[in-house]
Every structure is written in structure tokens, then in C-alpha cells.
Amino acid sequence: MKNEKLLTLLKILGVFTCLYLFLIGIGGIGAAFKGEFKETAAKLLEATQSPIVGLFIGILATTIVQSSSTTTSLIVGLVAAGAVDVGGAIFMVMGANVGTTVTAKIVSLGHITRKAEFRRAFAASSVHDTFNLITVAILLPLELKFSILRKSSEYLGSAFLDVTGVTSPENYIKKAIKPVIEWMGDVLNSELALLIVSVVITFLMLFAIVKLLQSLVLKKLESFFDSYLFRNAAIAFVVGLCLTVMVQSSSITTSLIVPLAGAGVLRLQQIFPFTIGANIGTTVTGLLAALAAASAVTVMPGEEIPKEVVAGATVAFAHLLFNCAGAMIFLPFAPIRNLPILFAEWLAELCLKNRLIPITFIILVFYIIPIIVTWNT
């Protein structure tokens, strides 16, 4: 009995160790992309003011840097610098929301050799992008016609900048993984090598997490998640929001859920509100970027805050309002809430027919189509 308890404890510690290394792998991928392609992403964001093209630029830029938080911060900085118009930037932010889901999609490919796991994992990763795509389809035409997001976020942005002296909170998770990622970068001395090593670490840790979870008493784990973290939609939503605020990356948060779904620990109905919470949590980075832009400007008593700074805060709030609007559309009503889940399940079943389908889907939706659209601008 004691040996069994010790083994269970070691396996649980192994899960957390693998999660830590998994975070390092994901962080290393992001660092490699940011080091190699960050300037390219910034140039893309400056390229056009067209709403539709702006949407696809947001998608492409985010798939390049692997983080909607990074893209949104770049957009906020460019708007605050006067390089991008607020109207075009809002559509780029919409695209960033779609582009950030590619990380979970790539992570789900780690299950591709095991059909049952892959169906669950790919469906879990598809819930996020399906939700964002449907939200874009609803809000983009409304924004073009009525500028709802722009008007609301301009008001909130102006009010937000009345608050001064706010600094960025400590990010302990990033502090824990950053030294290792920097060490890897120094040792490998190449963004390409860092990318390859990080991908290998990510996939190995993904495999290890799934095996460890399956070797533990699955029903006890299911009972823990059902009883506490994912007991109902409201709690799952709050967990997703808080975890993403801590990590400051919805890509990492939603990627962590994929192996749990693959192992059969979590169901799509539990994952969906969690991803919506993660969507809202990731907007904190844009708000911090707006504060950083505002703190760099000195405003004397009686003077107005520069329009560019207000515009940066406007974009940050547009990101927040976009995600909040999506939550209000889907969460309250079960039939509507089930739409992304049903589509995700259908897509996962389709991808089981041929292993090339999910790979083609990822390359086509997140890279080829955005490149074709932006190339013609």
C-alpha cells in the first residue's frame, strides 16, 4: 500500500514536472519565432488599413509569433505611435484572436498516431478557433456597419487612462521558465535550433503527460476535475480566465488542456467555458501595453492626453470587449453554446479519415490563406 501511494505521488510529481518542461517547450517555440520573425510581424501590421486584410494580417502575425498577447501588444504600440489607424487595428485584433488558436492545434498533432486520443485532442483544440471564427463572423459586419467596438472602447480607453502609476504585476510562471529558455537560446545559439529542440521537448512532454495521466487512477482524476476545477461552466470560465492572467498567454493555457482532453480527463462541454475565460484573460497583456504606452508620455496638469495614447488604450479595450461579447453570445444559452462543440466534434471525425487532413487544415487556414490575402495588398 505504501509503495502504491509513493508511486502515485511520484507520478503526480512527474505530471507537474512534465507540465513545467511543456511550458518551457511552448515558451521556446514562441521565443524562436519572436527572435526570428518579430520585425516581420511588425511590418505586416503596418501594411494596410483594409478591414478584411487587417483581419488576415492579425491571423498571420499571430501564427508567426505564436501569441495573441504579443500581437495585440505590437498593435497597441503601433497605434500609440500613430503607425496604424484604430479602425484597422480593431480588425487586426480580431484576427489575432483566431491566430492564437494554432498553438493548441499543433499540440493536438502529438496524438495523431492514436485515433481515440487524437479525436478528443483535436476536438478540444478546435473548440477555441471555432468559437473565435463564429464570433468574428458575427461581430465583423456589425463593426463595419455600426462601429460598436470602436465607440465603446474609445469611451473606456479614455476613462482607463485617468488612472496613473499602475505597474505590471509580477509574472511568476514566466520567471520560472524564462531562465531555462534563455539558457537554451545561449547554448544552441540559433533560432532554428531553438525551435527544433523546443518542438521536440513539447511533443515528448505531451506524450509523457498523457501516459502519466492514463497510468494514474483516471476516475479519481475525473472526480477531482469534475468536483473542483471544472464542476460547472462558471467555475471552468473563472479557472480559464485566472490561469491565463497568470501565464499571460491563452495559447499556453488552451494548449495545457489538450493533453487532458486527449487522455479523456476533460470533456468538450467543460473545456468550452474554460477557453472563453482564457480568451478574456489574454486581454490583460494588451491593457498592460496600453498602460506602458501611457506611462511613457508626460502630461502636464490641464493638458489633454495625446490622441495616439488614447487610441492605443482603445485598441486594448476593443480586444477585451470583443472577447466579452463572444462570451455573452455563447455562454448563456445551451443551444448556441453547443454550436462550436458540435462543429469541433465533426471536424475531429473528419480528420480521423486521413492524417493529412488536420495538417492541411492547419497550414491552409492559418498560413496559406492569410499569406495569399496579405500578399496581394
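Residues numbered from 1 in each chain as written. Predicted model: local features only at pLDDT ≥ 70, side-chain atom pairs only at ≥ 80, totals over all residues. Heavy atoms only, no water.

### Some words on the overall build of the protein chain
1) Next: Tallying secondary structure elements over the protein chain gives 17 helices and zero strands in all.
2) Next: The 377 residues of the protein chain split such that 50% are buried.
3) Next: Taking the intrachain contacts of the protein chain between residues at least 6 apart in sequence as the baseline, contacts between residues at least 24 apart amount to 83%.
4) Next: Entry remark: accessible area of the protein chain is about 17400 Å², with carbon and sulfur atoms responsible for 68%. (Helix = DSSP H or I, 4+ residues; strand = E, 2+ residues; numbered from the N terminus. Buried < 20%, exposed > 50% of the residue type's maximum accessible area, 1.4 Å probe, protein only. Contact = heavy atoms within 4.5 Å. Areas by Shrake-Rupley, 256 points an atom, 1.4 Å probe, with all protein chains shown as cover.)

### Re the packing of aromatic side chains
1) Next: This structure, assessed with the given rule, holds five aromatic pairs.
2) Next: Their ring planes at 75 degrees and their centres at 5.8 Å tell us that Phe131 and Phe272 sit as a pair that is edge-to-face. Of the two residues, Phe131 sits in helix α6 (residues 115–146) while Phe272 sits in helix α13 (residues 268–281), which places them 141 residues apart along the sequence.
3) Next: Relative accessible area serves as the criterion here: at 0%, Phe272 is assigned to the buried category. (Phe/Tyr/Trp six-rings, centres within 6.5 Å; stacked < 30°, edge-to-face > 60°.)

### Description of the confidence of the model for the protein chain
1) Next: Averaged over every residue, the pLDDT of the protein chain is 79; the share at 70 or more is 79%.
2) Next: At the level of individual helices and strands, the protein chain shows its lowest average pLDDT in helix α10 (residues 218–229), which scores 57, and its highest in α6, which scores 92.
3) Next: Low pLDDT, under 50, characterises residues 164–171; the predicted model gives this stretch seven contacts beyond four residues in sequence or across chains. (pLDDT = per-residue confidence, 0-100.)

### As for the nonpolar core
1) Next: Counting 68 residues, the largest nonpolar core has Val79, Met94 and Val315 as the members making the most contacts within it.
2) Next: For this core, the element with the most residues is helix α15 (residues 307–330), which contributes 11 residues.
3) Next: Those residues within four positions of Val315 in sequence are excluded, and the remaining contacts are Ile75, Val76, Val79, Val86, Ala89 and Val93.
4) Next: Ranked by size, the runner-up nonpolar core spans 19 residues in total, among them Val107, Leu194, Leu212 and Ile252. (Core = buried A, V, L, I, M, F, W, Y, C linked by side-chain atoms within 4.5 Å.)

### Description of helix α17 (residues 356–375)
Along an α-helix, a turn takes 3.6 residues, which lines up residues three or four apart on a common side.
1) Next: At Leu364, α17 shows its maximal bend, which comes to roughly 45 degrees.
2) Next: Among all positions in α17, only Pro358, Phe361, Ile362, Phe366, Pro370 and Thr374 are buried.
3) Next: Buried-residue contacts for α17 involve α2 (51–65), α4 (86–99), α5 (102–108), α6 and α16 (334–352). (Bend = angle between axes of the 7 residues up to and from the residue.)

### What to know about unusual backbone geometry
1) Next: With a phi close to 55 degrees, Ser147 is a non-glycine residue in the positive phi region.
2) Next: Along the polypeptide, Ser147 turns up in the loop between α6 and α7 (148–160).

### Quick word on the packing of α6 against helix α12 (residues 250–262)
1) Next: Look at α6 against α12: their axes get within 8 Å of each other, and the N-to-C directions meet at 155 degrees. As summarised for this structure, α6 and α12 are arranged roughly antiparallel, according to the angle between their axes. The two elements α6 and α12 meet at a crossing, and its hand is right-handed. Touching Glu117, Arg120, Ala121, Ala124, Ser125 and His128 of α6 are Ser250, Thr254, Val258, Ala261 and Gly262, all from α12.
2) Next: Grouping the amino acids of the contact of α6 with α12 by side-chain chemistry returns four nonpolar, five polar and two charged. (Axes fitted to C-alpha atoms, helices over the stretch in contact; angles between N-to-C directions. Parallel < 35°, antiparallel > 145°, perpendicular 65-115°, else oblique. Left-handed = near helix turned anticlockwise from the far one by under 90°. Nonpolar A, V, L, I, M, F, W, Y, C, P; charged D, E, K, R; others polar.)

### Side note on α4
1) Next: End to end, α4 covers 20 Å across 14 residues, agreeing with the expected 20 Å (1.5 Å per residue, within 8%).
2) Next: By the criterion of burial, α4 is predominantly enclosed, with 14 of the 14 residues buried. (Expected span 1.5 Å × (residues − 1).)

### With respect to the environment of Lys353
1) Next: Take Lys353: it is sitting in the loop between α16 and α17.
2) Next: Since its relative accessible area comes to 70%, Lys353 is described here as exposed.
3) Next: A sequence separation of 238 residues divides Lys353 from Lys115, and the C-alpha atoms of the two residues are 9.8 Å apart.

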